[in-house]
Every structure is written in structure tokens, then in C-alpha cells.
Amino acid sequence: MPARVVVGSQWGDEGKGRVVDLLAADADVVVRYQGGNNAGHTVWIGEQKFAVHLIPMGVLRGKPCLLGAGMVIDLDVLLEEESELGSRGVPVRGNIRISENAHLILQYHKLIEAAEEERRGERAIGTTRRGIGPAYEDKAARRGIRMGDLRDSDALAEKVDTVVTYKNLLLKNVYKSPTVDPDKIYNDLRVLHDHFGEMVCDTSLIVQEALDKGQRVLFEGAHGTMLDIDWGTYPYVTSSNPLSGEVAAGAGVSPKALDQITGVTKAYTTRVGAGPFPTEMAEEIAASMRDAGGEFGSTTGRARRIGWFDAMVVKKSVRLNGIDSLAITHLDVLGRFDEIPVCVGYRCGGEEVSDFPNQIEELARCEPVYETLPGWRADTSQVKRFGDLPENARAYVRRIEELVGAPVSHVLVGRQRGQDIVL
Ligand code: IMP
């Protein structure tokens with residue numbers, strides 16, 4: 001499979017990091033195509049935890065990694081990530097290239113986001129406060145600063161001055177917040193350019209060259225389908241398109257190049273931040289799963305909300321992403337229940353709902369319909385073959401396949417590299 005995409009099929013945090021780490025072993029190039037350091041991909045190798053937010057997971061396998069045009073990049077975070085990985089023996093510098101078309105996240109984006117979340121009060125999105133939304137706003141408004149802009153110092157000075165004048169008006173007059181210093185922003189960017197400049201290029205050419213040579217390119221999605229700005233639970237979404245369709249625009253590759261789309265889904269459901277969550281479970285049960293599943297945001301450390309598996313969500317993701325195969329993660333965490341409810345559909349005013357609604361107001365009127373499957377009360381964390389899972393665990397996986405309409409290719413039973421079952 002020369003070009004494979006890994007996408008999240010729920011609200012993010014499905015365990016894409018682990019799946020990408022697994023698949024990257026056979027890849028020649030790994031590419032991120034959207035989002036920024038709101039993402040957090042984690043893998044444990046022995047007792048060591050590795051978490052990356054911007055650099056594709058393939059870096060841990062020593063693979064060339066690209067940060068695509070659809071991303072928004074906070075260079076201070078990238079610098080930290082590079083030095084943290086470097087200090088732990090993971091070479092970064094020679095292995096990453098950054099798209100000249102990727103947009104920058106700057107200090108004012110974070111200040112504006114914090115002020116805007118405060119202003120929204122009870123209606124706050126619960127963002128990661130990494131400046132993601134405001135950076136994509138500037139991109140759409142055609143006033144963003146891109147990686148390639150750092151090359152021309154005179155043009156950069158003018159761009160920074162123009163945008164900061166506008167942002168300071170907003171900060172001062174609308175949000176009554178402290179303003180930012182354009183000279184500092186400019187000077188910091190020049191220093192960052194000295195460090196990163198040689199890694200900046202048109203990454204789409206590298207992807208194309210790899211594909212032309214028949215090499216294997218792995219596209220690493222971030223977040224999840226239900227956080228997609230167009231298809232998620234708007235407005236409680238992120239500001240980019242995590243969907244597989246974004247690979248084409250975000251990485252700069254023809255949609256015809258994609259061969260295999262792997263969706264990652266937890267064996268249950270989680271979300272962080274505000275917004276609707278039909279199968280959210282009672283906090284007592286959630287609390288019992290939180291430690292076992294490591295259900296704390298890898299970017300913000302917030303406790304994740306937890307719910308039962310929702311087939312309506314994943315079925316919609318299978319359709320929107322064109323998912324060919326599913327990787328089910330965290331199956332081991334369910335080994336503590338006698339019975340496991342699975343949401344097989346929704347009802348609204350007594351009527352069956354055929355598809356996951358796009359409007360959150362309609363979603364709020366839906367009642368999940370549950371089917372109860374027998375649990376397996378066993379530790380599956382050391383199981384290596386599907387046939388060796390308890391019968392009820394296998395039946396659970398098979399029922400998910402049936403409900404969402406996609407075959408399962410991988411089952412992950414622990415956070416460590418190697419705790420994987422390949423079907
Ligand atoms: P933002 O992406 O920081 O603007 O946050 C918007 C919403 O998306 C919030 O509910 C976040 O918690 C959520 N979000 C963004 N990225 C991730 C992720 O990688 N995993 C889970 N939730 C995320």
C-alpha cells in the first residue's frame with residue numbers, strides 16, 4: 001500500500017499515535033496534514049513515554065517526517081519538542097521538513113483565544129488554548145504569516161507590523177487585554193528562522209517523489225472526525241479538517257494517490273472539552289476507567305469525558321473518511337465489566353434516526369439506543385493473536401464491525417509498543 005491514511009473516527013484521542021507508530025515501521029515517509037500542537041500523540045516504549053504534538057510519530061522510527069501545508073505551527077513548541085526528543089536520543093533535525101505554506105501560531109493567537117474563551121463564559125468551546133482557532137482564522141482571512149514568509153526579512157517586517165497593528169486594536173479595545181510588541185515578534189521569528197530555515201521547503205514535492213518511486217507514505221491524521229470543522233459537532237470542534245479528504249489539500253497530493261484509509265476507534269468513546277456526547281457514562285464508572293485507560297488529555301492533562309461505544313459516530317466516520325479498515329484501541333480497558341452497553345442507534349421523538357445529526361440541537365433531542373453485550377472480565381493485555389482473546393471480547397469486536405460497516409485490521413490491548421493484535 002504506497003499511500004495510507006490514519007484518521008481518528010471519534011472525538012480525537014483514539015490512540016492514533018500508537019497506530020501510527022505501529023504502521024510507521026513499514027513506511028518510508030510520514031506526513032502530518034492538518035492541526036497543530038492541540039494534538040498529542042503518545043507511545044510508551046518500555047518505561048519511557050514519548051509524546052509528540054507537532055512532529056509526526058514516525059520520527060520515533062527514524063523516518064523522514066513532513067509537517068504539511070495544512071498545519072498551523074508554533075515554532076517555540078517545535079523547538080521544545082526537538083530538544084526534548086533529541087535529549088532522549090531521537091534524532092529530529094535531519095529527519096523533518098516543514099511546508100513553506102504552513103501557517104504560524106504567534107503570541108497574539110494564544111492571547112486572543114484565551115480572551116475569547118473567557119468572553120464566551122458558559123458557552124466556551126473548552127479549546128486547548130494553543131492558538132489553533134485564531135491561527136486558522138487568520139489563514140482564512142488571508143492575513144496569516146507562513147513559514148515561507150520568514151525567508152524575506154523586509155517583507156516579514158511589513159507583514160508583522162500590519163497584522164500586529166490590527167491584533168493590538170482587538171486586544172486593547174475589544175478584549176481589554178495586554179497588547180503585544182511587534183519588534184519582539186519579528187526578532188523572535190528571525191532567530192527561529194535561523195534555526196529552522198533549512199528545514200523549510202515545498203513538502204508536497206517530497207511526497208510526490210516518494211510516491212513516484214513507489215515508496216510507502218503514511219499520512220498521520222490528528223484529532224478526530226467529530227472534531228472536524230465541517231462534519232463534527234459544530235461549534236464544539238477544532239478549526240481544521242481531520243477527515244481523510246483533507247490529506248489532499250493539507251499535504252499537497254492528489255486524492256487519487258490514497259490507497260488505504262485506516263480509522264482508529266477506541267473500544268469505547270471519549271472526548272475532552274465541551275460539547276454534546278450522547279453516550280457519556282456516569283462519572284463513577286468513568287472514574288474506574290480513567291486510570292486504566294490513561295484518560296487524561298495528552299496536551300492539556302484534562303480528565304477526559306468517557307462514554308460507551310457509539311456506533312452512530314463511527315458509522316458516520318466510516319462513510320465520511322472512506323475507512324477501509326479499523327484499528328480498535330483500548331480493548332483491554334473494557335475487561336472489567338460483566339456487561340457492556342453499546343449504542344446501536346438513536347431515537348428522536350420515538351422515531352429511529354438513520355444518521356448521526358449534523359446540528360447539535362437535533363443531537364440533543366436524540367436518545368441513544370443500547371444493546372448490552374456480555375463482558376469478559378479478563379486481562380487481555382498480553383494477548384498476541386485474535387483467536388486467543390476471550391470469546392466475548394472477539395464477539396464485541398465482530399459486533400462493532402457489523403454495526404459500523406468496516407472490517408477490523410488491528411486490535412490494541414495496551415499502551416506499550418508491541419501490545420497489538422494484527423488481524
Ligand atoms: P482547539 O483545537 O484547541 O481549538 O480545541 C477545540 C476542541 O477540540 C476542544 O474541545 C478540544 O478539547 C478539542 N481537541 C482539539 N484537539 C484535540 C485532540 O487531539 N484530541 C482531543 N480533543 C481535541
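Residues numbered from 1 in each chain as written. Predicted model: local features only at pLDDT ≥ 70, side-chain atom pairs only at ≥ 80, totals over all residues. Heavy atoms only, no water.

### Overview of the overall build of the protein
- For the protein, the helix and strand inventory stands at twelve helices and 20 strands.
- Computed over C-alpha atoms, the radius of gyration of the protein comes to 22 Å, within 12% of the 22 Å expected from 2.2 N^0.38 for 423 residues, which places it in the range of a compact globule.
- The principal-axis extents of the C-alpha atoms in the protein amount to approximately 65 × 50 × 40 Å.
- Looking at the protein as a whole, 57% of its 423 residues are labelled buried.
- Pairs at least 24 apart in sequence give 76% of the contacts found in the protein among residues at least 6 apart.
- For the protein, the exposed surface amounts to about 17,300 Å²; the carbon and sulfur share of it is 48%. (Helix = DSSP H or I, 4+ residues; strand = E, 2+ residues; numbered from the N terminus. Rg over C-alpha atoms; globule rule 2.2 N^0.38 Å. Buried < 20%, exposed > 50% of the residue type's maximum accessible area, 1.4 Å probe, protein only. Contact = heavy atoms within 4.5 Å. Areas by Shrake-Rupley, 256 points an atom, 1.4 Å probe, with all protein chains shown as cover.)

### A closer look at the domain arrangement of the protein
- As assigned here, the protein comprises domain 1 (3–98 + 200–262), domain 2 (103–196) and domain 3 (265–422).
- The C-alpha centroid of domain 2 is placed 23 Å from the C-alpha centroid of domain 1.
- Every contact between the two is made by 26 residues of domain 1 and, on the other side, 22 residues of domain 2.
- Of the roughly 2,000 Å² buried where domain 1 meets domain 2, counting both sides, 61% is carbon and sulfur surface.
- Contact with domain 2 buries surface across domain 1, with V72, L75 and V200 losing the most and accounting together for 30% of the total.
- Here K110 makes a salt bridge to D74, at a shortest N to O gap of 2.7 Å.
- Inspection of the region where domain 1 meets domain 2 yields eight residue pairs in polar contact (both at pLDDT 80 or more).
- Among the secondary structure elements, those contributing two or more residues to the side of domain 1 that touches domain 2 are β6 (72–73), α2 (75–87) and β9 (200–201).
- A class-by-class count of the residues in the side of domain 1 that touches domain 2 yields 13 nonpolar, nine polar and four charged. (Domains from an automatic or database assignment. Buried area = accessible area lost by both parts, 1.4 Å probe. Salt bridge = Lys/Arg side-chain N within 4 Å of Asp/Glu carboxyl O. Polar contact = N/O pair within 3.5 Å; in protein donor to acceptor, adjacent residues only side chain to side chain. Nonpolar A, V, L, I, M, F, W, Y, C, P; charged D, E, K, R; others polar.)

### Re the site of the ligand
- Inspection of the region around the ligand gives 16 residues, with N38, T128, H223, T238 and R302 positioned closest.
- Contact distances for the ligand include 2.5 Å between an oxygen atom and a side-chain N or O atom of T128.
- The contact in question runs from an oxygen atom of the ligand to an N or O atom on the side chain of T238, over 2.6 Å.
- If the ligand stood free it would expose 460 Å²; the protein chains cover 97% of that surface.
- Its residues assigned to classes, the shell around the ligand comprises six nonpolar, eight polar and two charged. (Near = heavy atom within 4 Å.)

### Brief notes about helix α4 (residues 132–140)
- Buried within α4 we find I132, G133, P134, A135, Y136 and D138.
- At its buried positions, α4 is contacted by β6, β8 (103–104), α3 (107–120) and α5 (153–174).
- Positive phi appears at R142, one or two residues downstream of α4, with a value of about 65°.

### Notes on the packing of aromatic side chains
- A complete count under the given rule lists five aromatic pairs for this structure.
- Aromatic pair W11 and F356: ring centres 6.5 Å apart, planes at 70°, arrangement edge-to-face. Placement of the pair is W11 in the loop between β1 (3–8) and α1 (16–24) and F356 in the loop between β17 (351–353) and α11 (360–364), with a sequence separation of 345 residues.
- The exposure class of W11 is buried, given its relative accessible area of 2%.
- With a centroid separation of 5.5 Å and an interplanar angle of 65°, the aromatic rings of W376 and Y396 are classed as edge-to-face. Of this pair, W376 sits in the loop between β18 (366–374) and α12 (391–404) while Y396 sits in helix α12, and the two are 20 residues apart along the sequence. (Phe/Tyr/Trp six-rings, centres within 6.5 Å; stacked < 30°, edge-to-face > 60°.)

### Some details on unusual backbone geometry
- The omega angle of the peptide bond from Y234 to P235 is 10°, so this bond is cis rather than trans.
- If you trace the backbone, P235 turns up in the loop between β10 (217–220) and α8 (246–251).
- Unlike most non-glycine residues, H330 shows phi in positive territory, near 60°.
- By the element assignment, H330 lies in the loop between β15 (325–329) and β16 (339–348).

### Comments concerning the nonpolar core
- With 65 residues, the main nonpolar core has F219, L331, L334, Y346, Y396 and V404 as its most contacted residues.
- Top element by residues in this core is α12. It accounts for six residues.
- The contact partners of L334, leaving out residues within four places of it in the chain, are A267, Y268, M289, I340, W376 and Y396.
- Formed by 54 residues, the second largest nonpolar core is a distinct cluster that contains L23, V77, L78 and A327. (Core = buried A, V, L, I, M, F, W, Y, C linked by side-chain atoms within 4.5 Å.)

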